[in-house]
Every structure is written in C-alpha cells, then in structure tokens.
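# Chains, contacts and geometry: an overview
So you can see what is in the structure, the chains are spelled out below.
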Amino acid sequence: MPTIQARGLTKRFGADVLAVDHLDFDAIPGGVTGFLGPNGAGKTTTLRMVLGLVTPTSGTVLVDGLRYRDLPHPTNRVGASLEASGFHPARTARNHLKIIATMAGLPFSRVEECLDLVGLSEVGDRKVGGFSLGMRQRLELARSLLGKPDILVLDEPANGLDPQGIAWLRDFLRFYATEKAPSAGDGRIVIVSSHLLSEAQLIVDDVIVLNAGRLAAQGRLSDLLAGTKRSVRVRTPDADRLVQALRAANLPAVMQDGYVVCEGVTPEQVGPVMVENRIEVHEMESSTESLESLFFSLTGGESAQPGPTAPMGDYRRFNDGPAAPSAPPPAVVSAAPSPAAGPATDGSAAGSATAGPAAGSAAAGSEAPPAPSPAAGPRPGGGQT
Amino acid sequence: MTRLLRAESRKLWTIWSSYVIFLIVVLIDLLFGFLVAFAPGGRHRGTAGLVPHGSTQWFVNVFSVLDNSRLLALVLGVLVITGEYRHKTVTPTFLAEPRRGRVVTAKLGVSFGAGLLLGVVTMLTGLVIGFVLVAVGVHSCLSLAGVSQGMSQATCAGQGVLHHYYVANTHDMWHEWSQIAPGVILGTGLFAVYGLGLGALLKNQIVAIVVGLGFTLVVESIIVAVWPTIGKYLPGQAATALENAARTSFSASSTPLLSWWEGAIILVIYGVVLSYLGTVTTLRSDIT
C-alpha cells in the first residue's frame, strides 16, 4: 500500500525565510488529496521535498517508508509533475517521454499508451517549444504516468487546460485514485495542489491545508465542511409569519434579500416549523460552507509572509488618481468620477481619457498617489466568512 | 548505468544543437585548414612564411589546426549538463534518477563518447583536406606557381612520372595524418569531459562556456608564456602534448610539454575532479 509520511518537515531558505515549519502529514490512499494553501504557504517546497528535489533543513518525509532518493524504481512508484516546464524546446514530445522511459527501463509501448491517454499521439513528433500550456500540462501528466505509479503528485495540473480538459482530468484522477490495482490495495495516493478552490472542491476527497509553512487542517473534506456553518434559506409569501414562528421555536431567523435565512440550523429543524404553521413555501435551500470560505477561515485570508504574498490592494480606488495628468480633454475632466462613483464608472472614464485602459493603468501605477493601505479595503472573499 | 547511458545519449541526439556543433566543427576545420594551407605569409606555431606546397611541413601545419575542434568539444560537454538546468529538464531527470552522482557519471561517459566522435569527424575532415592538398601539390608541380614556391620543374621531373610524385605526396600526407589522428581524437574526447566538469561546477550555461573558452584561449596562453613549467599542466597544453605524442616531424614547439600519457591523465583528472566537485557542491543544491 502506498504511503507518504512527513514528520517535523522543515525547510529554511537562507536566514529569513522559513518556507515549511515542522509539518506533519500523512497522505491517504484511495482518494484525491487536495494540497491547498495561499501563495507562499510552502506547497511547492513541500512537494519538492517529498520528491527529493529539495533537501529538508530538518525532519523527514518518507515515500513507502523510504526517502525518495532511496526508492529502487522511483518512476514505477511515484509519478510527479511539478510545473508545465522542464522540456527542451527543440525536443519532440515523444522523444521527451522516451528518454524518461529509457531511464526507468520501461518499454516504448508505454510511451505510446501515455501519449494516447492524454491525446497527444498526433502531435507527438512535434517540438515541445511549439506547445501551448495546456499541451505541456498533458505531456507532464503523460510523463508522470509512464511507470504506472501508485503515487501521483501533481502541482497545479489544471493550469492551462480547457474546460473539457479539466473535466477529463477530474474524472481521470478520481478513477486513478480509486482503481484497485494489485500493487495498491485500497487504492492509490493522488495529491493535487491547486489554487482554484471551486475546482478543487469538485475533485478532492481529502485536504491538506497549509498556511505560512504550517499545517492548517487535514482530513476528509466532507468532515471539515460538516463542522462548519450551515444555513437554510426559504422563499415564502408568508415571510413575517415564518420568522415569528421560527423565533418562537428558538431558531435564529432573519430577513435577507426577500429570503428568510436561518444560520446554523438544518432543514430538518426548519421543516416541521413550516408544516406546523401551514406556511406556503416556494423555495427552500440548504447550504454548507464552501471549500473557499473554509479555506479563508483556516488561513485567515492572508499569509504571514511579507512581500509578494501580502494582501492585495483595494482595486476600487485603483483608478482614482489622475490617469493622464498631461492634457486630459475637458469633457472627460468634467465627467471625472466623484469619489463616490462606482468602479464601473472609474474604469470607463480612465479608458476614454487615455489611449487605452493599459496606458491608463500604467500611468496610474507610476504617477498616482501612493496606493491605499491594504488594510483599508476588505479582502477578496473575506466578506463571505 | 546502461539505461542511464542510453538515456543520456538519447538526450544528446534528440536536439539539433548537438548536430550544429558537429557542423560547426567541420566548417571550422575546412576554413582553418585551407586558410593555413594557402594564406600568404600564414604562420603557425613558429613556422614563418610560405611553406612549399606538397612538402611535409605543409601537411604538418595544416593538420595542426585541427585541434581547434577541442574547443567545440568543451562547449558540447558544457551543454550536456547546463542545458538540463537551462531548460529545467533537470527536474524530470532527477525524478527518474534521484541519485544525482549516477546521472553525472552517465553524462561523463556520453560526453567522452561524443567528444571522441567529434575528434573522428575532425580527422575525417582533415583527411579530405589532405587529399585536396595532395591534388594541389601535383597541380603546383605542373605549373609555374610551383617554381615560385620552391619546387623546381626539375624536382618534379626528378620524381620520374607524375604518378610517382602523387604516391609519394599521398604517403607523406597519410603518414602525418596517422601520427596526429589518435592524439587529436583522444584529446577532443577528453576536452568534452573537461567541459562537462566545468558545466557541473558552474551550472550556468553562458558562464561555463565563457569561462571554459576564455581560460583555454586567453588565461592559459598567458600562463604558458609566463610560467611554462606550470603551464604544461593546464588542459590545453596537456591536450597538445597528447596530440604531438607520435609526431616525429613536429619540432616547432618552444614550450615544454608533458609526455602523451601524462597529458591524457591530467585531462582525465580535470574532467573527473571538476565533475566530482560539481556533484558534491552545485548539483547537491535544491532544484526549485
């Protein structure tokens, strides 16, 4: 049975950057595991330590009980794709795979099978330099699968794929993880890192959430979501009566956008109240928290790391500054947005005042007054939690 | 290791830049060979002025420029390892073979083989040049140009029939070629190993090529001129020692050289020691 075990895994880059900090986790076979975290959380560094490309500062990570570099046949045990790079642009896709197959002692028929699977056999003799990002992703997947590995580690595999490609990948990963291969017993380990949470929610069964190099959560996604807030929304012509009835039954109820909303209760609690009071219902909806809101609550919506992972600025005030201070046409000046104007107005005004939106943004970036403090504006998604 | 050697060889022969290096070698050999043969006032290795067409010294001078191929062998060796870092193919390579020292060892073997092949191609090009020169020599003998270049009609006539002259000239050329060929081929092969070592240590493609060529062409010449006793241990001089090993007619060298086997050992040491240092330092670092 395939295993990945990290114990006290730590990686420090230089004196200042603690990329991964005493991380413990176990990958669970038989399902797809999402490896999630904000930018700079240490996802890629951790995966590279699993694969022996980066040496941990301290701690261990073992694959099948061994360090990656001690695996006798790594290609047959672990398939990994880390980024859609790592191709010589002048080499053909087929030759790229043949080289890895040669290193692993695999027959070239396997190269053809994998090219077929990802739909690249037709273009296999074309140079990778001419491939789109999506084609490179498929080629990376084909390379990972060469040795029929029981452990699959994919970093952002959906990047660059078209919607059909993403749907295919989703189905494929589910199939691959749950297939009862003789070597895998209960199924395979499939670890997928992703920053597209809505996409990940559709694929993953388990999650490992990192934040600032530490483990923020690990477990079944359904368990994690079950422990979070759920709510029931009801649309009814008798809204006032329903609110009163619910409150009488000690259930929290408020009116929101024409709906009666009950936070933290189940439909099983709301239903009897409606039947008892003979309230006509037009629509009823139960919702659990999404992976996205779970993610924000786990990671605080921000990263502890400074620099590029600091919260982003407030885009609603981005174009407030003088976009083209040199000679703006009078008509545009008079139509310039007041501070209260909405973002749409801002965008169109800046667009018409200058040669184009790009020129407007560039001017704003270099000549506008200092950007508003990140703390001033709500973080994207922060309002949903 | 057999798998790794085959994979590395496949890596080399599935990109066009390797073929370009072979093409450049052939072109450079042809260019310099004929330039030395026919350039008026051309000088090479202390031999000044015109050398009579068809003389042994003529062939000695022409074949002596073939060793420039080892510079391209050095570049080839550098590319074998730095190309992996440049195009990030090092990630799939080390995923498939995480024991990095074994990868470098395979690259060492493949570089040596490719370098030897480069040497063979060089010497075959040299042979083509040689036959052209024989033909030119025969032509010179029949023309007034031959007289002006030190050969009298009587000399030619003294050989008896023209055929005789042709045979003798071919024999001289072949003799000279066969004396220099083993040294050039082995030296070119070992220079590719030296290049691989440089690449393993420096990792950056451009830096490794500039350092390799700059050291061989500039720094080494200065050291050889100033401290010849130290200079003879440097890679370029070691390769020259190897090249001149069997040459009886070559005496123009004014600087001290090692014996051929010492030169070969020194070159192997450069390549292997640099590769080893690269493996335990540069290549051990994280692939991010």
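None of these values were measured; they are calculated from a predicted model.

This next bit is on the sheet that holds strand 3 (residues 31-36) of chain A. Residue and element names in this part refer to chain A. One open sheet holds the six strands; their spatial order is 5-6-7-3-8-9, and the pairing between them is mixed. Both outer strands of the open sheet, strand 5 (78-81) and strand 9 (214-220), are each paired with one neighbouring strand and no more. Across the sheet, the axes of successive neighbouring strands diverge by a mean angle of 15°, strand direction being ignored. Looking at chain direction, strand 6 (residues 151-155) and strand 7 (residues 189-193) are connected through five bridges and run parallel. Residue pairing in the sheet places Val153 in a bridge with Ile191 of strand 7. In this fold helix 11 (residues 291-299) packs onto strand 3, strand 8 (206-211) and strand 9, with an angle of close to 35° to the strand it touches most, strand 8.

This brings us to helix 6 (residues 163-178) of chain A. Here helix 6 of chain A spans 23 Å end to end across 16 residues, near enough to the 22 Å set by a 1.5 Å rise per residue. Structurally, helix 6 of chain A contributes buried residues whose contacts are with strand 3, strand 6, strand 7 and helix 7 (197-203) of chain A.

Looking now at the interface of chain B and chain A. In this assembly, 25 residues from chain B lie in contact with 28 residues from chain A. When residues of the side of chain B that touches chain A are traced back to their parent elements, those giving at least two are helix 1 (2-13), helix 2 (16-38) and helix 5 (90-96) of chain B. Per-element accounting of the side of chain B that touches chain A gives the leading share, six residues, to helix 1 of chain B. Classifying every residue of the side of chain B that touches chain A gives 10 nonpolar, seven polar and eight charged.

This paragraph deals with the domain arrangement of chain A. Domain assignment breaks chain A into domain 1 (4-225), domain 2 (229-288) and domain 3 (313-368). Its C-alpha centre places domain 1 of chain A at a distance of 44 Å from the equivalent point of domain 2 of chain A.

This brings us to the confidence of the model for chain B. All names here are of chain B. Averaged over all residues, the pLDDT of chain B is 83; the fraction at 70 or higher stands at 81%. In the model of chain B, helix 7 (residues 144-148) stands out as the element of lowest mean pLDDT, 47, in contrast to helix 1, which has the highest, 94. Considering only residues more than four positions removed or in separate chains, one finds that residues 42-49, a stretch of pLDDT under 50, has 16 contacts. Under a pLDDT of 50 for its full length, residues 144-148 has, in the predicted model, eight contacts with residues more than four places off or in other chains. For this predicted complex, the interface confidence comes out at an ipTM of 0.84, alongside a pTM of 0.77.

Once that is clear, we can look at helix 4 (residues 69-86) of chain B. Residues and elements named next belong to chain B. Between the first and last C-alpha of helix 4 there are 24 Å, a value that for 18 residues agrees with the 26 Å anticipated at 1.5 Å per step. Roughly 40° is the biggest bend found in helix 4, and it falls at Val80. With its phi angle positive at about 60°, Lys88 sits one or two positions after the end of helix 4.

Rules used throughout
Residues numbered from 1 in each chain as written. Chains lettered and ligands numbered in written order. Predicted model: local features only at pLDDT ≥ 70, side-chain atom pairs only at ≥ 80, totals over all residues. Pairing = 2+ DSSP bridges. Helix = DSSP H or I, 4+ residues; strand = E, 2+ residues; numbered from the N terminus. Axes fitted to C-alpha atoms, helices over the stretch in contact; angles between N-to-C directions. Contact = placed C-beta atoms within 7 Å. Expected span 1.5 Å × (residues − 1). Nonpolar A, V, L, I, M, F, W, Y, C, P; charged D, E, K, R; others polar. Domains from an automatic or database assignment. pLDDT = per-residue confidence, 0-100. Bend = angle between axes of the 7 residues up to and from the residue.

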